[in-house]
Amino acid sequence: MQIILLHPRFTQAKSLTLTRRHIVLVALLYLCAVIGSTALLYYFTIDHANGIRVLFAQKPAPAVRDDTDRQDRYVKESIAAMAIKVGEMQARLMRLDALGERVQGLAGVKPEAFNFGELPGRGGAEPSSGTAGARHLGMAEFQQLLDMMARELDHRADYMNVVETALLREKIQFKLLPTIQPVNVSYNASGFGLRIDPFSGRSSFHEGIDFPAPTGTPIVAAAGGVVIAAEYHHQFGNMLEIDHGNGIVTRYAHASKLQVKLGDIVRRGQHIADIGSSGRSTGAHLHFEVAVKGIRQDPNKFLAAGAAQAQAALALQAAK
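Residues numbered from 1 in each chain as written. Predicted model: local features only at pLDDT ≥ 70, side-chain atom pairs only at ≥ 80, totals over all residues. Heavy atoms only, no water.

Undergrad: Can you tell me about the side chain of Thr 217, naming the residues and giving the values?
TA: Positionally, Thr 217 belongs in the loop between strand S5 (209-212) and strand S6 (218-220). Within the structure, the side chain of Thr 217 is placed 2.7 Å from the backbone oxygen of Pro 214, a separation counted as a polar contact. Sequence-distant contacts of Thr 217, that is, excluding residues within four places in its chain, are made with Val 183, Ala 273, Asp 274 and Ile 275. (Helix = DSSP H or I, 4+ residues; strand = E, 2+ residues; numbered from the N terminus. Polar contact = N/O pair within 3.5 Å; in protein donor to acceptor, adjacent residues only side chain to side chain. Contact = heavy atoms within 4.5 Å.)

Undergrad: Kindly report on the packing of aromatic side chains, identifying the contributing residues and their values.
TA: Applying the stated criterion across every chain yields a total of 2 aromatic pairs. A ring pair is formed by Phe 192 and Phe 205, whose centres lie 5.2 Å apart and whose planes are at 85°; its orientation type is edge-to-face. With Phe 192 in the loop between helix H4 (139-175) and strand S3 (193-196) and Phe 205 in strand S4 (residues 203-206), the pair connects residues that are 13 residues apart, well separated along the chain. Judged by its relative accessible area of 48%, Phe 205 falls in the partly exposed class. In this structure, Arg 251 packs its charged tip against the face of Phe 236, placed 4.6 Å from the ring centre. (Phe/Tyr/Trp six-rings, centres within 6.5 Å; stacked < 30°, edge-to-face > 60°. Buried < 20%, exposed > 50% of the residue type's maximum accessible area, 1.4 Å probe, protein only. Lys NZ or Arg CZ within 6 Å of the ring centre and 35° of its normal.)

Undergrad: Describe in detail unusual backbone geometry, supporting the description with residues and values.
TA: You will see that Asn 246, though not glycine, has its phi angle at about 55°, which is positive. Note on placement: Asn 246 falls in the loop between strand S8 (237-243) and strand S9 (248-258). Even without a glycine there, the phi angle at Lys 293 is positive, about 55°. One can find Lys 293 in the loop between strand S12 (285-292) and strand S13 (295-297).

Undergrad: Mind laying out the environment of Arg 267, listing which residues take part and the relevant values?
TA: By the secondary structure assignment, Arg 267 is in the loop between strand S10 (265-266) and strand S11 (271-275). The exposed category is assigned to Arg 267, whose relative accessible area is 58%. Note: C-alpha distance between Arg 267 and Lys 175 (92 residues apart in sequence) is 9.3 Å. Dropping the residues within four chain positions of it, Arg 267 is found in contact with Ala 221, Ala 223 and Gly 224.

Undergrad: So what's going on with a nonpolar patch on the surface? Which residues, and what values?
TA: A surface patch of nonpolar side chains, about 360 Å² in accessible area, is lined by Tyr 74, Val 75, Ile 79 and Met 139. Among the elements that line the nonpolar patch, the one with the most residues is helix H3 (residues 61-107), at 3 residues. Tracing the backbone through its elements, the reader meets Tyr 74 in helix H3. (Patch = residues over 30% accessible without salt bridge, like charges linked within 9 Å, V, L, I, M, F, W, Y side chains within 5 Å. Areas by Shrake-Rupley, 256 points an atom, 1.4 Å probe, with all protein chains shown as cover. Salt bridge = Lys/Arg side-chain N within 4 Å of Asp/Glu carboxyl O.)

Undergrad: Break down the pattern of salt bridges for me, with residues and values.
TA: Under the counting rule described, the total for this entry stands at 7 salt bridges. A salt bridge links Glu 207 to Arg 296, with the nearest nitrogen and oxygen atoms 3.8 Å apart. Remark: Arg 296 occurs in strand S13 and Glu 207 occurs in the loop between S4 and S5; sequence separation between them is 89 residues. A relative accessible area of 34% places Glu 207 in the partly exposed class. The residue Lys 261 makes a salt bridge to Asp 264 at a minimum N-O spacing of 3.4 Å. Since its relative accessible area comes to 54%, Lys 261 is described here as exposed.

If you want it as structure tokens, here you go:
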């Protein structure tokens with residue numbers, strides 16, 4: 001093959017003769033170039049594909065990591081807040097249990113009838129997956145449930161405090177009622193009401209009860225209160241009067257000796273005097289009176305109430 005080259009700068013045409021050897025050499029060079037380009041392309045696209053893919057995938061990693069850290073921090077903070085709330089509720093429950101046991105004792109409820117140490121029985125059919133409302137609680141809903149339970153516990157505690165106060169007030173008021181027999185004897189010699197006066201022989205109204213007993217027998221306070229009189233009376237002899245509040249006053253007459261003085265605070269069942277026969281008396285005995293707002297009442301009504309309460313307490317103790 002002969003190639004003729006023409007150019008203005010050439011003074012004459014030049015010819016180039018290509019033999020078959022030259023053509024084969026050019027073809028081989030072209031083929032080598034193609035093979036080399038293919039090898040380079042394979043190197044960059046196949047061997048480094050994983051590295052390139054990781055490089056491009058690592059670009060959004062900081063944002064994903066921040067979201068994960070933020071979620072973890074939110075969960076930890078929520079769990080910590082709920083743990084504090086559960087601890088507060090446990091403390092309230094312990095206080096409520098103690099309050100309930102006190103109220104139980106004041107009300108006279110049997111322990112086996114209402115045991116604060118045992119969980120109440122609960123049950124029911126298992127809800128199916130298609131039942132409305134049968135789903136898992138979310139974090140916000142669980143927090144709302146804890147808050148609602150905390151409010152209910154506070155409400156119940158306030159209610160129990162009111163009940164305890166009322167029961168305690170009633171118990172104190174009952175303790176201030178003269179319901180204990182002041183002398184440990186099995187009968188009385190003269191009751192409340194009309195009788196024949198032992199000195200005059202005429203009918204008269206007896207304003208109390210006479211308990212006969214040997215001289216020196218202890219006399220106890222029928223209820224707690226304050227001594228408002230401790231003196232000698234020309235008819236009642238050595239006499240005590242105790243104010244129990246709410247207009248209730250008891251009188252203890254004909255004592256041989258007084259064990260308390262004016263202004264003393266006495267407790268229920270306290271030894272306050274000794275049996276005697278001082279004043280207008282035919283023999284050793286205690287004259288016992290109960291007055292409500294200045295009006296004499298039959299002491300037997302109060303003593304009977306005390307005996308009934310004592311029997312109920314014994315029955316409750318036997319049941320335990």
